[in-house]
Amino acid sequence: EGRFDRKVNIDMPDLAARKEVFQHYLDTVLTGDKDGKLADADGNKVEPVDGVKNAELAEKLADLTPGISPATAAAIVNEAALQSAIAGKKHVEYQALTEAIENTLIGKKHRMRMGGEALNRTSIHECGHAIVGWMLPQQKNVLKVSVQPRGRALGYTQKAGSEYHEYQTNVTMFTDLCVMMGGRAAEDVVLGNNSSGAQDDLQRATEMALQKLLAFGMSRKTGMLAFHPEELKRGGRMYAHYSEATQKMAEEEASKLVEAAYETAVDICRRHKKELLALSAELEEKKELATPDIERVWGPRPKTPTNDEIDQRFYDALGIDPNATSVAAKLHV
């Protein structure tokens, strides 16, 4: 008998580690790299492809997949190999790998059944998310906007993800809320009404706002104590570590934050309505648009608003004066 009494912490891989993981799994499939695998399952030799290197493919894939686990990386490569075999291709090409990322992380494509008003609304909704993210320089780059149904989503806006080890700040979390509200804001600005399509956005915005206030101590009103709002959802009132008064206060503060994020998103959609409609029309026609397409229509990303301006909107939403004299200063500590 024996025991293993050491604790081994294994974090999610960073960029360099993801590159190594992807290269390991790419070496097990036929990509065309002359230094990689060059024989199929039956032992038949497959000719290499000029210019294909697994190290370069791995670097591109690692850039597109921040925060994923090694198991997910393996699933992506396996999905690409499977779809390439189904399509009768001898090699797993880069296009198959990028498609596999979306298949794995978002869901597989469905047959397009939308048309008319539903397609127009979905296009406007997704372009709303995209334009708010594009016009806020604190947000990661918009990689793709699509009205091609995948998984349970009728459309989606794909942004570059955050690394597992990145910190969230007032600024990044508030702009995240703005992007979440962008779809609903675009529907209101362009169509004059909104739909149930924003339900998931509202749920995620509510959860993030409550986490900001109850779990991360980012509100002076609710204080710097950190609670876990999911406890109330999971176990009922008797298992919560905070009072009903604190919960009520947090919900009121969260409502102010989400409302401020929505107003910011509406302002962006109104000021850039012409650009929003232009991209929406092209999206309806082509169904999917990538970063170069978006930049062609909207131009380069702006450098404003600044972090300080976004921070001020956060404080204004909660009625906080960031320059107020602290208790420590009053006591000359």
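Because the structure is a prediction, the values reported are computed rather than measured.

1. Side note on the packing of helix α3 (residues 70-86) against helix α4 (residues 94-105)
Angle between the axes and distance between the axes are the two parameters that describe a pair of packed helices.
Then, in step 1: Contact pair α3 / α4: the axes reach a minimum separation of 8 Å and the direction vectors enclose 120 degrees. The angle between α3 and α4 falls in the class oblique. At the point where α3 passes α4, the crossing takes the right-handed sense. Contacts from T72, A75, I76, V77, E79, A80, Q83 and S84 of α3 reach α4 at A96, L97, A100, I101, N103, T104 and L105.
Then, in step 2: For the contact of α3 with α4, the per-class residue count stands at 9 nonpolar, 5 polar and 1 charged.

2. Section: helix α12 (residues 291-298)
Then, in step 1: By the burial criterion, the buried members of α12 are T291, I294 and W298. Viewed along the axis of α12, the buried residues span an arc of 65 degrees, placing them on a single side of the element.
Then, in step 2: Buried-residue contacts for α12 involve α5 (116-135), β1 (142-146), α11 (273-286) and β3 (288-290).

3. Some thoughts on the confidence of the model for the chain
Then, in step 1: Per-residue confidence for the chain gives a mean pLDDT of 87, with 92% of residues at or over 70.
Then, in step 2: In the predicted structure, residues 327-333 sits below a pLDDT of 50 and forms 2 contacts with residues beyond four places in sequence or in another chain.

4. What about the pairing of strand β2 (residues 156-159)?
For a regular strand, side-chain orientation follows a simple rule: the groups alternate between the two sheet faces.
Then, in step 1: Residues Y156 and Q158 line the buried face of β2, whereas the alternating positions T157 and K159 sit on a face that is not buried.
Then, in step 2: With 4 bridges joining them, β1 and β2 adopt antiparallel strand pairing. Of the residues in β2, the one forming a bridge with K144 is Q158.

5. Quick word on the layout of surface pockets
Then, in step 1: By volume, the largest pocket is sized at about 1,600 Å³.
Then, in step 2: Lining the largest pocket are 41 residues, and of these T157, K159, D200, D201 and R204 lie nearest its centre.
Then, in step 3: Of all the secondary-structure elements, those providing two or more residues to the lining of the largest pocket are α4, α5, β2, α6 (170-180) and α8 (199-215).
Then, in step 4: Of the residues in the lining of the largest pocket, the class split is 14 nonpolar, 15 polar and 12 charged.
Then, in step 5: Computed from the structure, the second largest pocket encloses a volume of approximately 400 Å³.

What counts as what
- Note on numbering: residues in each chain are counted from 1, in written sequence order.
- Local features in this predicted model are restricted to residues of pLDDT 70 or higher, and side-chain atom pairs are both shown and tallied only at a pLDDT of 80 or more, whereas totals for entire chains, interfaces and linings draw on every residue.
- The basis for the side-chain values is all heavy atoms of the structure; hydrogens and waters are excluded.
- Angles shown run from 0 to 180 degrees and are taken between the N-to-C directions of axes, each axis being a line fitted to C-alpha atoms and, for helices, limited to the stretch in contact.
- A run of DSSP states H or I qualifies as a helix once it reaches four residues; a run of E qualifies as a strand once it reaches two. Both are numbered from the N-terminal end.
- Angles are sorted into four bins: roughly parallel if under 35 degrees, roughly antiparallel if over 145, roughly perpendicular if 65 to 115, and oblique for all others.
- The hand of a helix crossing depends on one turn: near helix anticlockwise from the far one by less than a right angle means left-handed, and clockwise means right-handed.
- Note on contacts: a residue pair is in contact if any heavy atoms of the two residues lie within 4.5 Å.
- In the scheme used here, Gly and all other residues not listed as nonpolar or charged are polar, with Ala, Val, Leu, Ile, Met, Phe, Trp, Tyr, Cys and Pro taken as nonpolar and Asp, Glu, Lys and Arg as charged.
- Relative accessibility under 20% of the residue-type maximum defines a buried residue, over 50% an exposed one, and the middle range a partly exposed one, all with a 1.4 Å probe and only protein chains included.
- What the arc describes is the spread of directions from the helix axis to the C-beta atoms.
- Each residue gets a pLDDT score, which is the predictor's confidence in that residue and runs from 0 to 100.
- At least two bridges found by DSSP between two strands are what make those strands a pair.
- Buriedness for pockets is judged along seven lines, at least five of which must meet protein on both sides within 12 Å for an open set on the 1 Å grid over protein atoms alone, while cavities are sets there where a 1.4 Å probe fits but cannot get out, and lining residues have an atom within 4 Å of a point.
- Grid points are joined across faces, edges and corners, and a volume is the space filled by probe spheres set on the points.

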